[in-house]
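What follows is the residue order along each chain.
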Amino acid sequence: MDYQKILNTINDELSYRDVTGKVASYIPELAKVDPRKFGMHVYCGDRQHFSFGDSEELFSIQSISKVFSLSMAMRLMGEDLWDRVDVEPSGDPFNSLSQLEYESGVPRNPFINAGALVISDILVDQLENPKQELLDFVRKITQDNSINFDPKIAASERSTGYRNVALVNYMKALGNIKCDVEPIVDFYFHLCSLAMSCKQLAQAFMIFANKGKILGTDEEILTPTTVKRINSLMQTCGFYDEAGEFSFEVGLPGKSGVGGGIVAIHPDQYSVAVWSPILNEKGNSELGMKALERLTTLTGLSVF
């Protein structure tokens, strides 16, 4: 498979001029990102790298990071985790309060904000230094010690994060939050502020394409069963209330973030990350979704 030729074709076919969405503005720092940015990186099971554009520029990965926190929580709790968060697609906006009320404080899945806040509560409760241990985990699976939080993004998240604080308070009132609210939201805002490039994301997500092992060292980070669970959740819940559309168009497990990033994996074949900050009305990268649809069409490879 000539992945570089395929990526070059995608780069030639697509442009930010062809999409109609907008850069995220509800987090002030995200509104400052250049909407013309566009990059893509494929990391293959034979350890080859292919890319184009702004694939090595750091950006705010936002909700993509929820896959990392979920992985850590599953290593700590195993199947007991699902007593506190469900595994169903939401069908509602990612920060919905009404759905949480209807379901008695148990979030629909770990990728909507309420679910990720429960995961954050678990990590704050069980880890001695959760923010540092998160960085250690991401650096290890990426094999890149330069990865860090973006303090400007974290501060910007905090300045506008009242709805997330409300979600934690509401779940605490219903008995599904153990820790104090402040350390939970502090961890969550830092989680979403992780700054990574398409290349780094593709490297990090290779463990989900490689049965939980770091490619090249074969060190097992997650069990095959855990990887199966996480990939299934990415397939059904990884794109806010547009997961069905992504499965229909692209046919890969993946996760998006309002920073404009999308990561997806094809088991045993590759992991791929794309970044374009212009979002559609559902909060997913408009150009990123088009690029991944072209990738699976041109390669003829999807999970279906």
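Coordinates for the structure precede this section.
Below you will find a few notes about this structure. Since the model is a prediction, treat every value here as computed from it, not as a measurement. (Residues numbered from 1 in each chain as written. Predicted model: local features only at pLDDT ≥ 70, side-chain atom pairs only at ≥ 80, totals over all residues. Heavy atoms only, no water.)

## Things to note about the packing of helix 1 (residues 3-13) against helix 13 (residues 286-299)
Relative orientation and spacing of two packed helices are given, respectively, by the angle between their axes and the distance between those axes. Look at helix 1 against helix 13: their axes get within 10 Å of each other, and the N-to-C directions meet at 140 degrees. Here helix 1 is positioned oblique relative to helix 13, judged by the angle of their axes. Between helix 1 and helix 13 lies a crossing of right-handed hand. Within the contact between the two elements, helix 1 uses Tyr3, Ile6, Leu7, Thr9, Ile10 and Glu13 and helix 13 uses Ala291, Arg294, Leu295, Leu298 and Thr299. Residues of the contact of helix 1 with helix 13, tallied by class, amount to seven nonpolar, two polar and two charged. (Axes fitted to C-alpha atoms, helices over the stretch in contact; angles between N-to-C directions. Helix = DSSP H or I, 4+ residues; strand = E, 2+ residues; numbered from the N terminus. Parallel < 35°, antiparallel > 145°, perpendicular 65-115°, else oblique. Left-handed = near helix turned anticlockwise from the far one by under 90°. Contact = heavy atoms within 4.5 Å. Nonpolar A, V, L, I, M, F, W, Y, C, P; charged D, E, K, R; others polar.)

## Points about the packing of aromatic side chains
In total, this model carries eight aromatic pairs according to the counting rule given. Between phenylalanine 59 and tryptophan 275 the ring centres are 4.7 Å apart and the planes differ by 5 degrees, which places this aromatic pair in the stacked class. A residue pair is termed long-range when its members are at least 10 positions apart, and phenylalanine 59 in strand 4 (residues 59-60) and tryptophan 275 in strand 9 (residues 270-275) qualify at 216 residues. Taking relative accessible area as the criterion, phenylalanine 59 reaches 5% and is therefore assigned buried. For the pair phenylalanine 239 and phenylalanine 246, a centre-to-centre distance of 3.7 Å together with 15 degrees between the ring planes defines the contact as stacked. (Phe/Tyr/Trp six-rings, centres within 6.5 Å; stacked < 30°, edge-to-face > 60°. Buried < 20%, exposed > 50% of the residue type's maximum accessible area, 1.4 Å probe, protein only.)

## As for the nonpolar core
Judged by nonpolar contacts, the single largest core of 69 residues is most densely connected at Phe68, Leu81, Leu201 and Phe205. Within the second largest apolar cluster, 30 residues are counted, among which are Leu14, Phe50, Val274 and Leu287. (Core = buried A, V, L, I, M, F, W, Y, C linked by side-chain atoms within 4.5 Å.)

## Topic: the environment of glycine 288
Structurally, glycine 288 is set in helix 13. Along the backbone, glycine 288 and valine 263 are 25 residues apart, and their C-alpha atoms lie at a distance of 9.3 Å.

## Looking at the pairing of strand 8 (residues 261-266)
Counted residue by residue, strand 8 has six buried out of six residues, so it is predominantly covered. By the alternation rule, side chains of strand 8 split into Gly261, Val263 and Ile265 and Ile262, Ala264 and His266, which are all buried. With three bridges connecting them, strand 7 (residues 254-256) and strand 8 associate as antiparallel partners. Bridge pairing in strand 8 places glycine 254 opposite alanine 264. In this structure, the hairpin formed by strand 7 and strand 8 is closed by a connection of four residues, where glycine 260 is found at a positive phi of approximately 100 degrees. One ladder, built from six bridges, connects strand 8 with strand 9; its direction is antiparallel. Paired with histidine 266 across the bridge in strand 9 is tyrosine 270. Hairpin connection between strand 8 and strand 9: a loop of three residues separates the two successive antiparallel strands, and aspartate 268 in this loop has a positive phi of roughly 70 degrees. (Pairing = 2+ DSSP bridges.)

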